[in-house]
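Structure assessment
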Amino acid sequence: MSVLHRLQRLRRRRGGWHQSPVLWVLGIACLLEVAFHASRYRVPVPPRELDTPFYTSCQEPPPTPPEIPRENAAIVMLARNEEAEKAARSVRSIEQRFNRWFRYPIVFLNDEPWSDEFMRTLNASTSAPTFFESVPKEQWTFPSWMDTDAARASIKSQGDRGILYAGKETYHHMCRFFSGSFYNIEALKKYKWYWRLEPDVEFSCSITYDPFVEMARHKKVYGFTISLWEEKRTCPSLFREVSDWKEAQGIPSNTLWKASIDASWVPWPFRSLLSWFSHRDRNGDGWNLCHYWSNFEIADLDFFRGPKYQDLYKHLEHTGGFYFERWGDAAVHSLAVNMLAEPYQVHHFADIGYRHDWYYQCPANAPGGQLPESQALNEAQNTWAEEIPGGVGCRCDCDGRRNRNHASYCLNKLKAPNTAHRPWSTWFLSFIF
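What comes next concerns the included structure. As the structure is a prediction and not an experimental result, all values here were calculated from the model.

1. Considering the overall build of the chain
The number of helices and strands found in the chain is 16 helices and 14 strands. Taking the principal axes of its C-alpha atoms as reference, the chain extends roughly 90 × 60 × 35 Å. Across the 433 residues in the chain, those meeting the buried criterion constitute 53%. Across the chain, the fraction of contacts at a sequence separation of at least 24, relative to all contacts at a separation of at least 6, is 81%. On the chain, roughly 20500 Å² of surface is accessible, and the fraction owed to carbon and sulfur atoms is 55%. The distance from the centre of the 51 positive side-chain charges to the centre of the 50 negative ones in the chain is 11 Å.

2. Looking at the sheet that holds strand E11 (residues 297-300)
Taken together, seven strands build an open sheet; the order of strands is E3-E2-E1-E4-E11-E6-E12 and the sheet is mixed. In this open sheet, the two edge strands, each paired with only one partner strand, are strand E3 (130-134) and strand E12 (346-348). Strand-to-strand twist in this sheet, taken as the mean axis angle between neighbours without regard to direction, amounts to 20°. As defined by bridge partners, strand E2 (residues 106-110) adjoins E3 across five bridges and the pair is classed as parallel. Looking at E3, one finds that Asn110 is bridged to Ser134. Along the sheet face, helix H3 (residues 84-102) touches strand E1 (73-78), E2 and strand E4 (193-197) and points at about 155° away from the line of E1.

3. Structural notes on the environment of His291
Among the structural elements, His291 can be located in strand E10 (residues 290-292). Taking relative accessible area as the criterion, His291 reaches 3% and is therefore assigned buried. Setting aside chain neighbours within four positions, we find His291 in contact with Ile226, Ser227, Leu228, Trp229, Glu230, Ala330, Ala331, Ser334 and Leu414. A distance of 2.9 Å separates a polar atom in the side chain of His291 from the backbone oxygen of Leu228. A polar contact is formed between the side chain of His291 and the backbone nitrogen of Glu230, at a distance of 3.3 Å.

4. Some remarks on empty space enclosed by the protein
Taken as a whole and assessed by the stated rule, the structure comprises three cavities of 30 Å³ or more. In this model, the largest cavity occupies a volume close to 50 Å³. As for the largest cavity, its lining consists of Tyr55, Ser57, Cys58, Ser206, Ile207, Thr208, Tyr209, Asp351, Val392, Gly393 and Cys394.

5. Some remarks on the packing of H3 against helix H4 (residues 116-123)
Here H3 crosses H4 at 20°, and the two axes come no closer than 9 Å. Between H3 and H4, the interaxial angle falls into the category roughly parallel. Crossing angle aside, the handedness with which H3 passes H4 is right-handed. Taking contact as the criterion, the partners of Ala84, Ala87, Ala88 and Val91 in H3 are, on H4, Phe118, Thr121 and Leu122. When grouped by side-chain class, the residues that make up the contact of H3 with H4 number six nonpolar, one polar and no charged.

Conventions adopted
Residues numbered from 1 in each chain as written. Predicted model: local features only at pLDDT ≥ 70, side-chain atom pairs only at ≥ 80, totals over all residues. Heavy atoms only, no water. Helix = DSSP H or I, 4+ residues; strand = E, 2+ residues; numbered from the N terminus. Buried < 20%, exposed > 50% of the residue type's maximum accessible area, 1.4 Å probe, protein only. Contact = heavy atoms within 4.5 Å. Areas by Shrake-Rupley, 256 points an atom, 1.4 Å probe, with all protein chains shown as cover. Lys, Arg positive; Asp, Glu negative; His and termini not counted. Charge placed at Lys NZ, Arg CZ, Asp CG, Glu CD. Pairing = 2+ DSSP bridges. Axes fitted to C-alpha atoms, helices over the stretch in contact; angles between N-to-C directions. Polar contact = N/O pair within 3.5 Å; in protein donor to acceptor, adjacent residues only side chain to side chain. 1 Å grid on protein atoms, 1.4 Å probe; cavity = no way out; pocket = protein on both sides within 12 Å on 5 of 7 lines; lining within 4 Å. Points joined across faces, edges and corners; volume = space filled by probe spheres on them. Parallel < 35°, antiparallel > 145°, perpendicular 65-115°, else oblique. Left-handed = near helix turned anticlockwise from the far one by under 90°. Nonpolar A, V, L, I, M, F, W, Y, C, P; charged D, E, K, R; others polar.

This is the structure:
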């Protein structure tokens, strides 16, 4: 007799199947098991805010050249000769808002020889020392063991399916490079810190303190401005590979990792069946796809040079996912940081106004903190947007009444381990996404 017929007979009995004590016990047991499982991924609320801006108003810029201690750091840009004007716009922006006072060197990287025009244009855009370096050929190509014909066929297929940037071979090379060998190239070996800069970005607030010094002082290893969802189709197997490596290494789940997970609400033993789907670990729990947008990052090179990160990268490299899928460096960095770093080591630069492509972060200006009498600041920017209570920006010229033009869900999720006051919408949306 089928299960359906048994249920129908049970329902016809006096009281109906919904009054069966066995079914009630099973139902309550399932709910308790699911609730217990979800509670393992709960991110506790800290007793106070653990990651606040280093400064919440303008500081008097240091003398030029700086007479204060500086960190061993560089601003790094990957660009091409044809991007000279876009690169110059970014360099002029960071020069106006920060580097005119600190003069950190700028290292330009290219997979081709630099043109005289590019070097001339960029040298004219900054007062800082500049270095024009080449990415070694072996680090901007397919791995030696890979079937390149099969990889190119996969790249073409990804492009035909409309996966974001996945039809461009050079984009795959770039994501692989920034995920691994970038940290150990000869041009960066002498530095401990880097600030990643992209062509065609804009800084809308003055940065009157040294982020590298503050990162070191507060024992941070990674800093970001914007957090977004990853495009699902670019990396269907990435989270499974990272979580399998994490389990094999016996790395415990800290609260940053838990903030990246959406616990499954399917009860045991059916939960593990979800592992057949993309963006799931072997237990059936999912990655929420939130990542730090890596076109802006200020980070400790030694963190990524360390044995754990490098071992993870080698594992990912040998899966072929940088080419047979389109794994992005932002997703790789984010999962690694959330797995290997402690929450207090990650910093959100809430005070830095930043735009790349369509997305931006725009802090409101701090009331009474704009130092209108500062000659050094007035030479850089003598007008600024409205000062708003609660603002943390310094002479921002963007409209701080709209802090960002993208959903704040991922930012709130990834900041949760350090945040005492969380918006209720983050909790509610966890059930939807």
